[in-house]
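Per-entry structural report
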Amino acid sequence: MAFWDNLFAGRAAQFDSGNAVSNAIDLTKRRPSVSLSKQGAATGNLRVNLSWRMRTSDIEGRSRQSGRLLRNPSQFFKPEVVQAHTQGMVNVDLDLGCLYELADGSKGVVQPLGNFFGDLNAAPYVKLSGDDRFGGSSGETIFVNLDQRDAIKRLLFFVYIYDQTPAFDRTHAKVTLYPSNGPRIEIELDERAPQARSCAVFSLENVKGDLMVRREVRFVYGFQAELDRLYGWGLQWGRGYKTKT
């Protein structure tokens, strides 16, 4: 990602520098929003990436490990074994989706479920690159054509767990926005919601020509229909399934 992060490094002074170490803006409860327009990043393609990995330990696991170290101090010098995905671990398939409402009133969703991958050069000007079912290093990515920003009224990006055990508290999940200019924007899904199946991550709204990104991070115990009701989209939803890999 160094290419994206450093492409405009020489012009960084005119942007909000965010985190001085990583050249990123972290959206938090205390600082929930940022203007893409004021960042000079309201054109080109906005890249939105979801990445995640399973936690290698939790509080209970660390407690058991501490007990073993007290009984056998020599274990302290042995590296921790990091397990891969096995049947004994919680299997998590996180999906990235986007609810859209355009200026002409049309509404819909872009998501892997149902193969609603969208379109970048025609309505809804939102395109999902693919479906990552295993938490790979590249994750899942949605592109937004901000050159068509006047046609976009609002977008809501969300993450949901597809047909598996709720386990947001067992994953390190992060959504990163890569604008055409300026620093990337990061949103950590770091709140513990062990029974939640979906999370509204952030909204992108066109407010009189100003593109505003607002952190949401609102976990819900249902799926897209519950997010729809929460944000007033008014779509009709039905049960969907993925094809087996």
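A brief look at the structure comes next. Only a predicted model underlies this, so the values are computations on that prediction, with no experimental measurement involved. Position numbers for residues start from 1 in each chain and track the written sequence from start to end. In view of the model being predicted, local features appear only for residues whose pLDDT reaches at least 70, and side-chain atom pairs are presented and counted only at 80 or more, with totals across whole chains, interfaces and linings using the full set of residues. In computing side-chain properties, one takes all heavy atoms of the structure into account and sets aside hydrogens as well as water.

**Some points on the packing of aromatic side chains**
Each Phe, Tyr or Trp ring, with Trp reduced to its six-membered ring, pairs with another whose centre is within 6.5 Å; inter-plane angles below 30 degrees give stacked pairs, above 60 give edge-to-face pairs, and intermediate values give tilted ones. What the rule picks out here adds up to three aromatic pairs. Arranged with centres 4.5 Å apart and planes meeting at 10°, the rings of F157 and F202 form a pair that is stacked. Residue F157 is located in strand β9 (residues 152–161), and its partner F202 is located in strand β12 (residues 198–207); the two are separated by 45 residues in the primary sequence. Residue burial is assigned from relative accessible area. The probe radius is 1.4 Å, only protein chains are included, and a residue is buried under 20% of its type maximum, exposed over 50%, and partly exposed in between. On the accessibility criterion, F157 (0% relative accessible area) is buried. Relative accessible area serves as the criterion here: at 0%, F202 is assigned to the buried category. Pairing F168 with F219 gives two aromatic rings, centres 5.1 Å apart and planes at 70°, and the pair type is edge-to-face. Residue F168 is located in the loop between β9 and β10 (171–178), and its partner F219 is located in strand β13 (residues 210–220); the two are separated by 51 residues in the primary sequence. Classification of F168 as buried rests on a relative accessible area of 3%. The rule is short: NZ of Lys or CZ of Arg within 6 Å of the ring centre and within 35 degrees of the ring normal puts a charge over the ring. It is R154 that lies over the ring of W233; its NZ or CZ is 3.7 Å from the centre. Only DSSP runs of H or I reaching four residues or more are called helices, and only runs of E reaching two or more are called strands; each is numbered from the N terminus.

**As for the pattern of salt bridges**
Salt bridge, as used here: a side-chain nitrogen of Lys or Arg that lies within 4 Å of a carboxyl oxygen of Asp or Glu. Enumeration according to the criterion identifies four salt bridges in this entry. K153 is the partner of E101 in a salt bridge, and the nearest nitrogen-oxygen pair spans 3.5 Å. A residue pair is termed long-range when its members are at least 10 positions apart, and E101 in strand β4 (residues 94–102) and K153 in strand β9 qualify at 52 residues. We classify E101 as buried; its relative accessible area is 9%. The exposure class assigned to K153 is partly exposed, which follows from its relative accessible area of 42%.

**Here we look at the sheet that holds β4**
By way of backbone hydrogen bonds, the strands of a sheet pair with one another, either parallel or antiparallel. Only when DSSP finds a minimum of two bridges between them are two strands counted as paired. Strand order in the open sheet formed by six strands is β2-β13-β12-β9-β4-β5, and the pairing between neighbours is antiparallel. The open sheet is flanked by β2 (33–35) and β5 (107–110), the only strands paired with a single partner. Between one strand axis and the next, the sheet turns by 20° as a mean value, whatever way the strands run. Across nine bridges, β12 lies against β13 in antiparallel orientation. Across the sheet, S203 pairs through a bridge with R214, a residue of β13. Whether two residues are in contact is decided by their heavy atoms: any pair within 4.5 Å suffices. Here the axes come from fitting lines to C-alpha atoms, over the contacting stretch only for helices, and the angles between their N-to-C directions go from 0 to 180 degrees. Its contacts with the sheet place helix α3 (residues 224–231) against β9, β12 and β13, and it is angled at close to 125° to β13.

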